[in-house]
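# Architecture and fold: a report
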Amino acid sequence: MNILIYSNVFLWEQHISETLEIIQTHLKKGDKVYLLGCDKTLISCPPNSSHNLKICSSCIIQKKYILNKIFENKLHEVQLNLEKKKYINKHFKNLKKFLNFKYKKILPVGELSMSTHTDFDRDFYTDFKKIRNKLMQLANNSIALFERSVKVMKENNIDVVYVWNGRRHSDGPILYAAKFLGKKYFSYLSGGTSATYMKQPTLGTHDLNFSKKRIKYLYAQNKNKLSKYKKEAELFFHYMRYGGSKSFGMLYFKDFFDNKINFTPKSTKKKLVIFTSSYWEFLFLGRHFRYKHGVELDHYKYLEKILSDKKIYNVYDIYVRWHPHTSTAGPEEKKKINYLIKKYQKAVHYDYKNKMNSYLLMHSADRVISFGSTTGCEATFYGKVSILLGPAYYEDLNCVYEPRNYKSLLNLLFDQSIKPLPKINALKYAYHERHKGEYKFKYIRHDKFFRYYFNGERVKKFSNVSKIIREKIIILVTMLKLRKFLRIIIYKINKILGIDVFLPHDW
């Protein structure tokens, strides 16, 4: 068979290791493997949002290292050579019309382009007129990638296509090109542990419906060994709260907490604790993460409705725990947050600067509301009545209450006979997060600092001394347990330079 594999993250060691594993798996089968990668004609990609040509050059050096050193010229390289062409002549009056636009009735150009933009801008509230030109550039680049992919697949008679991630303009179009031509396709990404990766027959790895089906499938597969299943799932909740056995792709926030701070109730009223999400993170995942029960959901509008409801305050004191990732939100989203905090001071707000332990708030709560973060599922695990207002992978598992409208939400808040839902249903999601990577690495190994190796060769090629020094500093900081300090510094560097640098996966 002829296999086409695409990645635009050659500078990210763990993710390129997934690519190497898939390549070697097909080479062992005797398949002909084509490697498609960027040649500076993508105007933006995950490790290089600002199209810094020095970063582009490093990426190409890494790709050549894989082709020539790692695989000794056994692969067939394919260049992108994207055309700088204006494919779209349409004028979009607003963001909604742009998001709904599809090229050739199949490629969701608007969604993929906005995902790229929001990923780096971290803001969904920016005036569309201000970002329209940038979005149109991304959209045309997206279509160029789609058209080039169609040509490559036809010319090389490709049978199967693999694409890393798939949610941005810089990778998703290749999956849609494969679907357009009726080819077999897979999106792939890291799994729940460092020894696994996931590949799935979906147009991107963040497919909500596919993940929900996989959660139920994994539970059905383990019904006969439920005790072991539960213990494994509980490791996820332990990691989220305390750290420990890593659940890859998830960040735990204990570094943000100061356990010397005690929770003092405002009064003797019942306690309603609301955990917000970082709204921009949900929005760049696509359409399915913007809708709940078929209705488009604005987290902050819904939150304001709750905070302005006098009937709720008659029964509850409201405590709002703002998600730690709102610290990196864009200026317009931060304006929304600050507006709500200042206007609704009757509620107690813990913003991203506050070091109150979120789990102290959770344990004190009589009701927990979340918008899609893991706290909703965690609250059920800790025996709380948990209400989910937004989309989440753990929805439809009967581990959280999911009101279809505001009236239903009020019923859940005021009906004191409601009990927490079964803990086992929360464990289903937790187990999935550790086992969503169904494929184990066979040809790749890594050390405790997540340096990856293939046939004894380091997967990552360091092109200069400064990068070697930087990695050693990160390893030293990891050993000295100064992760929080370095994470803040790295984020500021990334923000200023528009780049992404090497960090251990759980940072």
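Scroll up to find the structure this text is about.
As the structure is a prediction and not an experimental result, all values here were calculated from the model.

Here the focus is the sheet that holds strand 13 (residues 386–388). Backbone hydrogen bonds hold the strands of a sheet together, and the pairing may be parallel or antiparallel. One open sheet accounts for five strands, arranged 11-10-7-12-13; its pairing is parallel. Sheet topology places strand 11 (348–350) and strand 13 at the edges, where each strand pairs with a single neighbour. Averaged over all pairs of adjacent strands, the angle between strand axes in this sheet comes to 20°, irrespective of strand direction. In the sheet, strand 10 (residues 316–321) pairs with strand 11 via three bridges, with the strands oriented parallel. Residue pairing for strand 11: Arg 321 is matched across the bridge by Tyr 350.

Attention now goes to the nonpolar core. Of all hydrophobic cores here, the largest spans 81 residues; its most connected members are Ile 306, Ile 318 and Ile 369. No other element matches helix 5 (residues 128–155), which puts 13 residues into this core. Not counting residues within four places of it along the chain, the set of residues in contact with Ile 306 comprises Leu 272, Ile 274, Ile 312, Tyr 313, Ile 318, Ile 369, Leu 389, Tyr 406 and Leu 409.

One pass over the full model with this rule turns up 26 aromatic pairs. Judged by centre distance (6.2 Å) and plane angle (45°), the ring pair of Phe 98 and Phe 128 falls under tilted. Here the residue Phe 98 occupies a position in helix 3 (residues 95–99), and Phe 128 occupies one in helix 5, the gap between them amounting to 30 residues. Both residues of the pair, Phe 98 and Phe 128, count as buried. Within the aromatic cluster, the residues linked to one another by ring pairs are Phe 236, Phe 237, Phe 257, Tyr 359, Phe 381, Tyr 382, Tyr 394 and Tyr 429. The ring of Tyr 439 is capped by Lys 199, whose NZ or CZ atom sits 4.9 Å from the centre of that ring. Above the plane of the ring of Tyr 453 lies Arg 445, whose end atom (NZ or CZ) is 4.6 Å from the centre.

Side chains on a regular strand alternate between the two faces of the sheet. Counted residue by residue, strand 7 (residues 270–275) has five buried out of six residues, so it is predominantly covered. Judged from the six bridges that link them, strand 7 and strand 10 form a sheet pairing that is parallel. Following the sheet pairing, Ile 274 is matched in strand 10 by Val 320. The pairing of strand 7 with strand 12 (residues 367–370) spans four bridges and is classified as parallel. Each residue of the ladder has a partner; that of Phe 275, found in strand 12, is Ser 370.

For strand 10, a buried count of six out of six residues is recorded, marking the element as mostly surrounded by other parts of the structure. Burial along strand 10 is two-sided: the face carrying Tyr 316, Ile 318 and Val 320 and the face carrying Asp 317, Tyr 319 and Arg 321 are both buried. Regarding topology, helix 12 (residues 331–343) serves as the crossover connection from strand 10 to the parallel strand 11, and that connection is right-handed.

Locating Ile 60 in the fold gives a position in helix 2 (residues 53–70). Along the backbone, Ile 60 and His 432 are 372 residues apart, and their C-alpha atoms lie at a distance of 35 Å. With residues up to four places along the chain from it excluded, the contact list for Ile 60 reads Cys 38, Asp 39 and Lys 40.

Although it is not a glycine, Asn 73 adopts a positive phi angle of roughly 60°. Along the polypeptide, Asn 73 turns up in the loop between helix 2 and strand 3 (76–79). Even without being glycine, Asn 81 reaches a positive phi, approximately 50°. Tracing the backbone through its elements, the reader meets Asn 81 in the loop between strand 3 and helix 3.

Let's shift gears to the sheet that holds strand 14 (residues 439–440). Read across the open sheet, the seven strands follow the order 3-2-1-4-5-6-14; overall the sheet is mixed. Because the sheet does not close on itself, it has two edges, and the strands there are strand 3 and strand 14. Bridging between strand 5 (residues 184–190) and strand 6 (residues 196–200) involves four bridges; their strand directions are antiparallel. What sits directly across from Leu 189, in strand 6, is Met 198.

In this section: the packing of helix 7 (residues 208–221) against helix 16 (residues 423–435). Two elements in contact, helix 7 and helix 16, have axes whose closest approach is 9 Å; the angle formed by their N-to-C orientations is 105°. Judged on the interaxial angle alone, helix 16 and helix 7 are roughly perpendicular. Residues Ser 211, Arg 214, Ile 215, Leu 218 and Tyr 219 of helix 7 pack against Ile 424, Lys 428, Tyr 429, Tyr 431, His 432 and His 435 of helix 16. Across the contact of helix 7 with helix 16, the residue classes break down as six nonpolar, three polar and two charged.

The rules we used
Residues numbered from 1 in each chain as written. Predicted model: local features only at pLDDT ≥ 70, side-chain atom pairs only at ≥ 80, totals over all residues. Heavy atoms only, no water. Pairing = 2+ DSSP bridges. Helix = DSSP H or I, 4+ residues; strand = E, 2+ residues; numbered from the N terminus. Axes fitted to C-alpha atoms, helices over the stretch in contact; angles between N-to-C directions. Core = buried A, V, L, I, M, F, W, Y, C linked by side-chain atoms within 4.5 Å. Buried < 20%, exposed > 50% of the residue type's maximum accessible area, 1.4 Å probe, protein only. Contact = heavy atoms within 4.5 Å. Phe/Tyr/Trp six-rings, centres within 6.5 Å; stacked < 30°, edge-to-face > 60°. Lys NZ or Arg CZ within 6 Å of the ring centre and 35° of its normal. Right-handed = clockwise from strand over helix to strand, strands pointing away. Parallel < 35°, antiparallel > 145°, perpendicular 65-115°, else oblique. Nonpolar A, V, L, I, M, F, W, Y, C, P; charged D, E, K, R; others polar.

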